[in-house]
Structure formats: structure tokens, C-alpha cells
Number of protein chains: 2
Amino acid sequence: MDTRDLRGRVEGSKDAFLEELKEFLRMSSVSAREGDDADFRGCAEWVRQKLEEAGAEARLMETQGHPVVYAEIGEGDRTLLSYGHYDVQPPEPLEQWESNPFEPTVRGGSLFARGVADDKGDVMSRIQALRLYREEVGPLPFKLKFFIEGEEEVGSPNLAPFVRANGELLRADACLWEGSMKDEAGRPMVFCGTKGMAYVELRARGASHDLHSMYGGIAPNPAWRLVQALRTIKDENGEITVDGLMELAEPPSEGDLEALKNIPFDDAALRESWGVDHLDRNLTGEAALREYLLKPTANIAGIHSGYAGPGSKTIVPSEAYVKMDFRLVKGQSPGPVVALIREHLEKRGFDDVEVVDLHGVEAAKTPVDSPVVRTAIEAWEGVGAEAVVYPTVGGSGPTSLIATELGIPTIMTGAVANAGSRIHAPNESVKLDDYFEAISYFAGFFGRFAS
Amino acid sequence: MDTRDLRGRVEGSKDAFLEELKEFLRMSSVSAREGDDADFRGCAEWVRQKLEEAGAEARLMETQGHPVVYAEIGEGDRTLLSYGHYDVQPPEPLEQWESNPFEPTVRGGSLFARGVADDKGDVMSRIQALRLYREEVGPLPFKLKFFIEGEEEVGSPNLAPFVRANGELLRADACLWEGSMKDEAGRPMVFCGTKGMAYVELRARGASHDLHSMYGGIAPNPAWRLVQALRTIKDENGEITVDGLMELAEPPSEGDLEALKNIPFDDAALRESWGVDHLDRNLTGEAALREYLLKPTANIAGIHSGYAGPGSKTIVPSEAYVKMDFRLVKGQSPGPVVALIREHLEKRGFDDVEVVDLHGVEAAKTPVDSPVVRTAIEAWEGVGAEAVVYPTVGGSGPTSLIATELGIPTIMTGAVANAGSRIHAPNESVKLDDYFEAISYFAGFFGRFAS
């Protein structure tokens, strides 16, 4: 075990590290957009080359969608798998960005760009950590496998077949999923699970074309129809009321509930960072934390119908749709959840409301007392930080493919992002200090992992 | 009274009439757009010039917004006021148009363009009728006043001060409001009133920026907030439930109810033209007709929040808004209605939902047995058509300024548009034959009006 502190060496290479990260961020790898294939491949190829430069054997592996970047390096008894993604969320609404989302800009010690917090900063910090370790310490005393996909932000539609076809290649003793983040107080968070998700679009249709709203009293209005359907999905208190949905949820383990008690959840700071005076349903303290980490959600990510321009247009819209993500806990598989939503709406006469299953992902859990969790905590101590362990995270990812299907303990650690990083939103950013620290952190993690 | 049939003369001038109408339609006078002032003025000036060419003394009269075109011609004891508008609705969504909305195109005997049915075809048919009458019959035996505004499609915000400042100028024995239309069976409709309207935007706000939807269980979601507010505005059966709103409505008169019986309302044809298998709330027959003509509405003209693009984006939106037009009947003034909506929402804890009063207009009624209604019916007989008299129309307009404030009996007649004209929607059109007939019709109306 070599746990040498490499922070001094990182200090001397900041400019180079920053320039290389900016290069990565300039590539607008938005996976939700159609027809960017050449750009996308260029971004994947760039990542592959960086892994080669760090000493790994790296290649692009084809999928039905964007390619996976795969790389291997090191020898030893143990194997560590590192997962990340090189794609990013769409940057819209563009007018809310203070600088071009694809021209990384430093302001007040932070770097602003789409994807810098989710997940390009994290991906690059690991690659730089590898390079640093090899230059300063020597050959890696374990096998490290990188596995970087390009479709995480659209729900990883081609990852399952890829993982299932490459189970042997991906075999490992532990997996570091994409990075975590620092909490409001600057403490790094280690996550031991992810929520599942069922992403659906509900669509309602009225007349074959927009009508003059003089017909508002007699024409079917698809916007009203969606409102009527939505009112059966949550009650007037904001509680989810889809028949059978909550009953599927497995209750949290004792370890999960214990871990929850050690999480310093500051809902006042959260409200302040969001600029709101209350949380949903006026939740506070531990009740809010349980809701956030251990309960399912029924979120409206978008609802659209009719005229959106300035002034007033008097029409009955011809169509309406709502995009909803249901974040799920263990026991709630996305397929059955979508079936429940359909049955629920049909039973109430909404068989005209189309339920489009856009994608789903399973929830996943690694026990909070696993060895890899211990290594993550010790590596944080190595850079002078005290980590907080979360039984799970509010977000989702295809971790169940690794954690459940391949049976590899899987956690999220490394904290390039912070609570104010605005991931998925305009003005996404990371603190430069956090980025440089993450490089030291991962190098230290590598030093501890082999033993 | 000269009721000479001028249809033969119209027949010989079709090409010229069509070209002149197309010229009018090419001017994209969208009043909902900002900063089109020079274009707008050009359109108003064009109309003024056409009125001059038809022999009238015409001028532009300034308002706080777009100018009114005013013209006078003829001498006699009686005075007829003609109201129309040269502005049009926005053409969006553009991708649903089969031809450019501002490049008028003839297909299958119909002319397609934004504004052709509402209201440019109507405006031009009256000007051509005047020219025709003077060329074929002689000087007008009564005073005809034209009064053509440029802000009808944004709710005529500057018309009230204009009318109030020019009451003497506009004085008349009767007023022909903008044109009516033909019903599904091709019968011209004569309307004796308009509904009022309160157009509001409800706005809800969440965090100061879009959040990752991992926070979907605890972050305030403005889209859900609007859905919760909307569920108090209509019940699950689609009935309006705003406290006190329905109680304000004056009941229809005996004459109105009698007129209703003579209206050949074909809800099956309406459903077919709209491509729907039922009307709102499964209304049929006379119940649907009463709802359409004599009851208020609470229509969603647009609702928008969060991600609208392709694929799935996982956010909690930061803001949401819904555009609603409430069509009102006599007794429901828009100011008090907006106040009721605010009180209703506040009483239910929705004081965070902003109610923006975008504009309002009063309902107006002229008795169905007024002399001008009789003249309209006889003029239709003069071109071989049987008119159907409606006590009111589902749509709104600032008719109360003339009908109520100036006390001038005001009706809508002349039928350039038809039930399939898609007014306010993509592929707006009129039948060419209806346009040419309207020219004969108005010439005949002028001949009858003096007596």
C-alpha cells in the first residue's frame, strides 16, 4: 500500500490539468440530440487517447448507440472497475447561461461548462490520477478497468446488452461508479446505491388541429385532459396515489436507517441554495432526508401544450404531453411500475391518454459496511477530509447492471461536484480546488486499493 | 332601395379581386409580435389607400398602439358603421402549414393564408362591395363609416379609449361588426352578440434554477403546483368550480332560447371536422349548443414548464405557466372575474400562484329582433341564401364598446369564412366562392340599408 500524498505534485500541474479538462468540455456531446454521431465519436476518441497517454490499453467498443470507451492497465490480484460517461445533458434553456455552455469559463475560482460536474470533470480526474500515480509512485499494483459510456444522460439504452455481453471483461472486486459530490458544508459524500427510474411521457390529443377558443366549452382540450389525469397520480397534498405503486417498495435496511442518522442534512442551506422558502409538502429535517433518499418520486420534468409565445393566443390546443420521471426504490422495477401507471389511468377512464415508456432503470444497493466503502473513507482521510456515507442517492443510473447482475460492490466517491454545481441546469460548474483535490484523492484511492 | 343583384359583375372581376386580396394577405400584420411597427403601419396605410380608391375619405387615426383606419362615404339620414381588423393571429406552429402562411396559395378552390378568414377577407369584401356599388348603382344613399383596427388579435387594448374619445365620430344607427361565417351545411350565420373574455396567465415558481430531478421528492415543483391550482378551477367532471363565477352569469332571454331552437347544430359534423369522437364532457345536441353559445368557459390555451425537447431530461423545472381564457356571458365582467379567480386561489392556499391579468373584454348583446338583423337576413335572401340567426357567438370582441357604451345595435354578418376555415390555426383558409359572394352580399346590404 502506497498512500503517498501527491497534492504537491498536483499543485505544480494545475494549468495543464485545467487546459486538458477544458478541451474535453468544448466537445458538445449532448446525447439527447439526434445526428451528432461524428462529433460524438470524436469525443469518445479523445477520451480513448487520454487513457492511452496515461499508459492504459484503450479502445472504443461499439454498441447500438454511441461507443463505450474501454481501457485496462496494471497487474495484481485485485481488480477495480471505474465507470463514467462522456455524454452530457442538453444545455437548454441557453438564455439562462452566463457564458457559453461549451466554452469553459473560470469565474470566482469555479469552472463553468455543461458537463463539468456531470461527469466530465470526474472522468478526467481519474485519468489524471492514473497518470500521476504511474509517474510518481510506479506501476499500478492491481488491475484497473475503465468503462466510459456515451448515453448515460438518455438513460443508457444500450448499456444493458453491452454489460451482459461483456460480463467477463468487466469482472472486478469493486466498482467506482461515476463521481459523487461535496455537500453544502464541503464534506465529500460516498453513495452506496442509486434509485431506479421509470421515465414516461403521457400524451393527450384533442382535435386534429388547434381550434379557436370560442369552442372552449365544447371542444376536447388535451391540456385539461392531462391535468385531470395528473390529479389522479398525486392527491391534493402531493402524495403519490398510483394504485399499488407504493406497496411495491421494499422497506430500508437497519444499516440504511443507521447511516441516515449520521448524515448532516441541512434543509435550510438547501432551501437557500435553491432560493425557496419551503421544500415540497413543507418537509423538513429527517423527514425530508428520508423522502429524498429512501422514497420514490413522481416528478414532472416538463409539461407542454398550446401557445407559449408572448401575449395571448386564444386556442384550444390539439395536443398536450407531460414528461415524468418516477424515481424508484428497491422492489419497484420500472417495467411493472409503467404497467401500474397504465392500469391506474385506464381504470379511471383515461384510456385515451397514451403512456409512452421512454426508459427505465433498476434501483441498486451495496451494503454500507462493504470493504470498498471503507477504502473510500480512508482515501478521503488521506486528503484530510471526512466523508459522509449515504445508503443511496436520490439520482439514478444503471448501477444495477454491475451491482446486481454482475454482483460487484459498487459505490460513488470522488467529489469534483458540489451542492451548488447546478448539474443538469444552466451555469453548471465545479470549484477548481475540488477538481484538483479529486486527482489527489483518486491517486490515493489507487494506492490503498491493492492491499 | 336598390337591391340590384351584382353577382354577374363580381363574376367578371374575380381575378382582380383575388389579386388585391392576396396583396393584403402578404403583409404579416401579427399584432402579438413586438417591434413590427413599420410593417404594421404599411398594412394600415395599404387599407387606407384601398378605401380612398373605393371613393371614401380615409385616414389613419393614432392610438397608443397600432393605428385605426377610419373612412367615411355617402350621404343620407341613416348611418352604418363597419368594424373590422387588419391584424392577424401568430402563424405558429409553422411546421404544420402546408404553404407559407404569408404567401397566399389557392388549392382546391380555397385560398390559404394567415388572416384570410379572420379578418382580412371580410375587410376587403366590404371595400370591394362599396366600390362595386358606386360603379354599378351610384352614390351611397346613406353614410357609411369604416373603422378598422390593428389590435383585435391581442384583445384590442387601445380600442376603448379610442371609442370613448370618438363617440360622435362613430355615431351610427347600426353597426356591422367583423364578419361571421358559414356553418357546416353552408348556411350564413348572423350573430347578435359576443361573449366577454378574461385572459389570465397563472405563474408558479420553484427553485431559482432547474434542479436535477434526484430532488423530485423534496424540491417544490411549479408544474405540479399549477396542476394542483388547476384542479380547483374545474372539478373532475370538467365543470367550472371557481367560487362565485357561475353565479354572476345573467340567464339567457326568451328570445335567445327561441333563437337557439332554430339553429341547426350538427355536433356529428363538428366532431368529424375536428377529428374527435366526442365533445368535451360528452356533450351532444342542444346541451352542447347551449354550452357553446350561452355558457362561460375556462379554457387552457397553453401550459408550459420544463423540458420540451426530444428524449428525456431529468429536471425539476424552475417555473411554470398556464395561459387561460375565460369566455364570459352578460353579467360576468372581466375585472370582477379575475378578482374572483385570485380570491378563489388565495382562499385555497395558492397565494404563491401569480394571476396575471393579460386582458379583458365585456360580453355584448343586440336583441335578435332588431331592424339591422332583419336587413341582414333579407340581404342574404338577395343572394339566394337562408341565414341562421344566433343570439350570440362563442367568440369575443370589443363589441360592447359600440353595442353597450355607444348604444348602437351591432351584429356580425357576411360569411367569407366557413366552419372548416381553421381560424387561429395552421392552414387557415376560405373558399373563393364565399369570398366573391360576400362582395355581392355587402353590396346588396348597402342597397337595403338606406330604406
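Residues numbered from 1 in each chain as written. Chains lettered and ligands numbered in written order. Predicted model: local features only at pLDDT ≥ 70, side-chain atom pairs only at ≥ 80, totals over all residues. Heavy atoms only, no water.

The name given to chain A in an unreviewed UniProt entry is M20/M25/M40 family metallo-hydrolase, and the organism recorded there is Rubrobacter marinus.

### Focus: the overall build of chain A
Across its full length, chain A carries 14 helices and 21 strands. Here the C-alpha radius of gyration of chain A, 23 Å, is about what a compact globule of 451 residues would show, namely 22 Å. Over its C-alpha atoms, taken along the principal directions, chain A stretches across nearly 75 × 45 × 45 Å. A buried classification covers 63% of the 451 residues belonging to chain A. For chain A, contacts bridging at least 24 residues in sequence account for 80% of all contacts bridging at least 6. Taken as a whole, chain A presents about 16000 Å² of accessible surface, with 46% of it coming from carbon and sulfur. Within chain A, the 74 negative side-chain charges are centred at a point lying 0 Å from the centre of the 47 positive side-chain charges. (Helix = DSSP H or I, 4+ residues; strand = E, 2+ residues; numbered from the N terminus. Rg over C-alpha atoms; globule rule 2.2 N^0.38 Å. Buried < 20%, exposed > 50% of the residue type's maximum accessible area, 1.4 Å probe, protein only. Contact = heavy atoms within 4.5 Å. Areas by Shrake-Rupley, 256 points an atom, 1.4 Å probe, with all protein chains shown as cover. Lys, Arg positive; Asp, Glu negative; His and termini not counted. Charge placed at Lys NZ, Arg CZ, Asp CG, Glu CD.)

### Observations regarding the environment of Glu236(B)
With respect to the helices, strands and loops of the structure, Glu236(B) is situated in the loop between α7 (222-230) and α8 (254-261). Taking the relative accessible area as the measure of exposure, Glu236(B) reaches 57% and is therefore exposed. Once residues lying within four places of it in the same chain are set aside, the contact partners of Glu236(B) are Gln228(A) and Arg231(A).

### Points about the relation of the copies chain A and chain B
Mapping chain A onto chain B is achieved by rotating through 180° and translating by 0.1 Å along the same axis, at an RMSD of 0.1 Å. Each copy turns onto its partner about a two-fold axis. The rotation axis passes nearest to the C-alpha of His304(A) in chain A, at a distance of 2.3 Å. With an isologous cut-off of 70% or more, the 99% of interface residues of chain A that recur at the interface of chain B puts this contact in the isologous class. (Least-squares fit on C-alpha atoms with pLDDT ≥ 70 in both.)

### Some words on the pairing of strand β2 (residues 68-73) of chain A
Residue and element names in this part refer to chain A. Within β2, five of the six residues are buried, leaving the element largely enclosed by the surrounding structure. When strand β1 (residues 57-61) meets β2, the two strands line up antiparallel, connected through five bridges. Across the sheet, methionine 61 pairs through a bridge with valine 68, a residue of β2. The turn joining β1 and β2, which pair antiparallel and follow one another in sequence, is formed by six residues. (Pairing = 2+ DSSP bridges.)

### Side note on the interface of chain A and chain B
On the side of chain B, 84 residues touch chain A, which itself brings 85 residues to the contact. The contact between chain A and chain B buries some 7600 Å² in all, and 57% of this surface belongs to carbon and sulfur atoms. Taken as a group, Ile218(A), Trp224(A) and Trp274(A) account for 12% of the area that chain A buries against chain B, more than any other trio of residues on that side. Seen at the junction of chain A and chain B, the total is zero salt bridges. On inspection of chain A and its partner chain B, the count reaches 51 residue pairs in polar contact (both at pLDDT 80 or more). Per element, the largest residue contribution to the side of chain A that touches chain B is eight residues, and it comes from strand β12 (residues 299-306) of chain A. A class-by-class count of the residues in the side of chain A that touches chain B yields 42 nonpolar, 28 polar and 15 charged. Bridge count between β12(A) and strand β12 (residues 299-306) of chain B: five bridges; the pairing is antiparallel. (Buried area = accessible area lost by both parts, 1.4 Å probe. Salt bridge = Lys/Arg side-chain N within 4 Å of Asp/Glu carboxyl O. Polar contact = N/O pair within 3.5 Å; in protein donor to acceptor, adjacent residues only side chain to side chain. Nonpolar A, V, L, I, M, F, W, Y, C, P; charged D, E, K, R; others polar.)

### Brief notes about helix α9 (residues 267-274) of chain A
Within α9(A) the residues assigned to the buried category are Asp267(A), Leu270(A) and Trp274(A). Within α9(A), the buried residues cover an arc of 55° as seen down the axis, which keeps them to one side. On its buried side, α9(A) packs onto α10 (285-294) of chain A together with β11 (211-212) of chain B. Sitting at the head of α9(A), Asp266(A) places a side-chain oxygen 3.2 Å from the backbone nitrogen of Ala268(A). (Arc of directions from axis to C-beta.)

### Topic: the pattern of salt bridges
Residue and element names in this part refer to chain B. On inspection of all chains with the given rule, the structure shows 71 salt bridges over all chains. Measuring nitrogen to oxygen at the nearest pair gives 3.6 Å for the salt bridge that ties arginine 33 to glutamate 92. Placement of the pair is arginine 33 in the loop between α2 (14-25) and α3 (37-53) and glutamate 92 in the loop between β3 (79-85) and β4 (105-107), with a sequence separation of 59 residues. Looking at arginine 33, the relative accessible area reads 33%, which means it is partly exposed. Here aspartate 122 ties to arginine 126 by a salt bridge, and the two come within 3.2 Å at their closest N and O atoms.

### Considering the packing of aromatic side chains
The geometry of an aromatic ring pair comes down to the distance between the two centres and the angle between the two planes. Here the structure, examined in full by the defined rule, presents 30 aromatic pairs over all chains. With a centroid separation of 5.8 Å and an interplanar angle of 55°, the aromatic rings of Phe40(A) and Tyr86(A) are classed as tilted. Here the residue Phe40(A) occupies a position in helix α3 (residues 37-53), and Tyr86(A) occupies one in the loop between β3 (79-85) and β4 (105-107), the gap between them amounting to 46 residues. We note that Phe40(A), like Tyr86(A), is buried. Between Phe147(B) and Phe162(B), the aromatic rings sit 5.8 Å apart at their centres with planes inclined by 10°, giving stacked as the arrangement. (Phe/Tyr/Trp six-rings, centres within 6.5 Å; stacked < 30°, edge-to-face > 60°.)

### Notes on the packing of helix α2 (residues 14-25) of chain A against helix α14 (residues 432-449) of chain A
Residues and elements named next belong to chain A. It is at 11 Å that the axes of α2 and α14 come closest, and there the two elements cross at 100°. Between α2 and α14, the crossing angle belongs to the class labelled roughly perpendicular. Contact with α2, carried on its side by Lys14, Phe17, Leu18 and Leu21, involves Leu432, Asp433, Tyr435, Phe436 and Ile439 of α14 and no other residues of that element. (Axes fitted to C-alpha atoms, helices over the stretch in contact; angles between N-to-C directions. Parallel < 35°, antiparallel > 145°, perpendicular 65-115°, else oblique.)

### Section: the UniProt feature "domain: Peptidase M20 dimerisation" (unreviewed entry) in chain A
Mapped onto the present numbering, the UniProt feature "domain: Peptidase M20 dimerisation" (unreviewed entry) falls at residues 193-349 of chain A. As a span, residues 193-349 of chain A carries 31% helix and 22% strand, and end to end its C-alpha atoms are 37 Å apart. (UniProt positions renumbered as here; feature names shortened; annotations may be inferred.)

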